[in-house]
Amino acid sequence: MTEVKLLGVGGSSYSRRVEWALKLKGVKYEFVEEDLQNKSPLLLQSNPVHKKIPVLIHNGKPICESMVIIEYIDETFEGPSILPEDPYERAIARFWAKFLDGKCLEAVGKALWSKFGEEEEKSKQEAYEMLKIVDNELKNKKFFGGNKIGFVDVAANYIPFWLEIVEEATGVVLVTSEKFPNLCAWRDEYLSYSEVKENLPDRDTMLGFFKAKVLAATAK
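Residues numbered from 1 in each chain as written. Predicted model: local features only at pLDDT ≥ 70, side-chain atom pairs only at ≥ 80, totals over all residues. Heavy atoms only, no water.

Colleague: How would you summarise the pattern of salt bridges if you had to cite specific residues and measurements?
Modeller: Scanning all chains against the criterion turns up eight salt bridges. Its salt-bridge partner being Asp101, residue Arg17 comes within 2.9 Å of it at the nearest N-O pair. Remark: Asp101 occurs in helix H4 (residues 87-113) and Arg17 occurs in helix H1 (residues 13-25); sequence separation between them is 84 residues. A relative accessible area of 1% means that Arg17 is categorised as buried. The exposure class of Asp101 is partly exposed, given its relative accessible area of 26%. Residue Glu71 is joined to Arg94 by a salt bridge in which the shortest nitrogen-to-oxygen separation is 2.8 Å. Remark: Arg94 occurs in helix H4 and Glu71 occurs in helix H3 (residues 66-76); sequence separation between them is 23 residues. Each of the salt bridges in this network shares a partner with another, and the network as a whole consists of Glu164, Glu168 and Arg203. (Salt bridge = Lys/Arg side-chain N within 4 Å of Asp/Glu carboxyl O. Helix = DSSP H or I, 4+ residues; strand = E, 2+ residues; numbered from the N terminus. Buried < 20%, exposed > 50% of the residue type's maximum accessible area, 1.4 Å probe, protein only.)

Colleague: Before we move on, could you go through H4 and cite the residues and values that matter?
Modeller: Compared with the 39 Å implied by 1.5 Å per residue over 27 residues, the 38 Å span of H4 between its first and last C-alpha is a close match. Along H4, the largest kink reaches about 40° and is centred on Leu105. Within the sequence span of H4, burial applies to Ala93, Trp96, Ala97, Phe99, Leu100, Gly102, Cys104, Leu105, Ala107, Val108, Ala111 and Leu112. If you check the start of H4, you find a side-chain oxygen 3.1 Å away from the backbone N of Tyr88, and it comes from Asp86. (Expected span 1.5 Å × (residues − 1). Bend = angle between axes of the 7 residues up to and from the residue. Polar contact = N/O pair within 3.5 Å; in protein donor to acceptor, adjacent residues only side chain to side chain.)

Colleague: Describe the packing of aromatic side chains, listing the residues and the values that go with them.
Modeller: For the structure on display, the rule yields nine aromatic pairs. A centroid spacing of 6.2 Å and a plane angle of 40° characterise the contact between Tyr128 and Phe180, whose relative ring orientation is tilted. Here Phe180 lies in the loop between helix H7 (159-170) and helix H8 (181-192) and Tyr128 lies in helix H5 (residues 118-137), a separation of 52 residues in the sequence. Each member of the pair, Tyr128 as well as Phe180, carries the same accessibility label: buried. Their ring planes at 35° and their centres at 5.3 Å tell us that Trp186 and Tyr190 sit as a pair that is tilted. Within this pair, Trp186 and its partner Tyr190 are both found in helix H8, separated by four residues, close to a single helical turn. Considered together, Trp186 and Tyr190 belong to a single accessibility category, that of buried residues. Ring-pair connections join several aromatic residues into one group, and the members of that group are Phe95, Trp96 and Phe99. Directly above the aromatic system of Trp113 lies the positively charged group of Lys213, at a separation of 5.2 Å from the ring centroid. (Phe/Tyr/Trp six-rings, centres within 6.5 Å; stacked < 30°, edge-to-face > 60°. Lys NZ or Arg CZ within 6 Å of the ring centre and 35° of its normal.)

Colleague: Talk me through the UniProt feature "domain: GST N-terminal" (unreviewed entry) in the chain; I want residue IDs and the actual numbers.
Modeller: If you check UniProt for "domain: GST N-terminal" (unreviewed entry), the listed places come out as residues 2-81 in our numbering. What you have in residues 2-81 is 38% helix and 21% strand, and the ends, taken at the C-alpha atoms, are 20 Å apart. (UniProt positions renumbered as here; feature names shortened; annotations may be inferred.)

Colleague: Which residues make up the nonpolar core, and what values go with them?
Modeller: Membership of the largest hydrophobic core comes to 62 residues, with the highest contact counts inside it found for Leu100, Cys104, Leu131, Ile159, Leu174, Leu183 and Trp186. No other element matches the 11 residues that H4 contributes to this core. In this structure, Leu174 is in contact with Val108, Ala111, Leu112, Lys124, Ala127, Tyr128, Leu131, Leu163, Glu167, Lys179 and Phe180, ignoring residues within four places of it in sequence. One finds Leu43, Ile53, Val55 and Ile57 within the second-largest nonpolar core, a separate group that totals six residues. (Core = buried A, V, L, I, M, F, W, Y, C linked by side-chain atoms within 4.5 Å. Contact = heavy atoms within 4.5 Å.)

Colleague: Explain empty space enclosed by the protein to me, and be specific about the residues and the numbers.
Modeller: The tally for this structure, following the rule as stated, stands at two cavities of 30 Å³ or more. In this structure, the largest cavity occupies an estimated 90 Å³ of space. What lines the largest cavity is Arg16, Arg17, Trp20, Val154, Asn157, Trp162, Tyr190, Glu195, Val196, Asn199 and Leu200. Among the elements of the structure, H1 and helix H9 (194-197) are those that each provide at least two residues to the lining of the largest cavity. Per-element accounting of the lining of the largest cavity gives the leading share, three residues, to H1. (1 Å grid on protein atoms, 1.4 Å probe; cavity = no way out; pocket = protein on both sides within 12 Å on 5 of 7 lines; lining within 4 Å. Points joined across faces, edges and corners; volume = space filled by probe spheres on them.)

This is the structure:
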């Protein structure tokens, strides 16, 4: 018997990435909700380096970092491929996934949570530059890898759902159809995908969570 356990947080885009991959492959798993203010001994033992979610535990062996976990799932379990079969296309997918999960995410996060003033405007411009690169990459494409959601789309999962909610909570709007038409067209396609719609947290709950973070930040 294969035992699969996922340590995560239901509202986390990182956890949801992994859940999407498991469901795509038809893998049965146990989801263990972690309290990040009081991390479980299992989480600390399974990810002693970063002490972060998500962690996939497969037959007692832990795998950490969401995109690493997704590659593991793709290679380990039967079902539809997440990464392209062709080695070159696979390398390109990894490149864009790293960009979206790294430089782009960092710039967007900084812009959304920066304080008002010159620093905010500078952060927004940096985020626009990153988002424009993504917008250009999506020109004449339904999804990053073609006609179905794949590895790169999952790396960008924070843009269609979480980004819009944080924009509403903070009042900082980064993505509009005027600025990024290709990105917005992709966002609509992504959110209309049945596997995605069935694997999203409650929007009102997430909005309340981020509004509370805004209040906490402004109270400092």
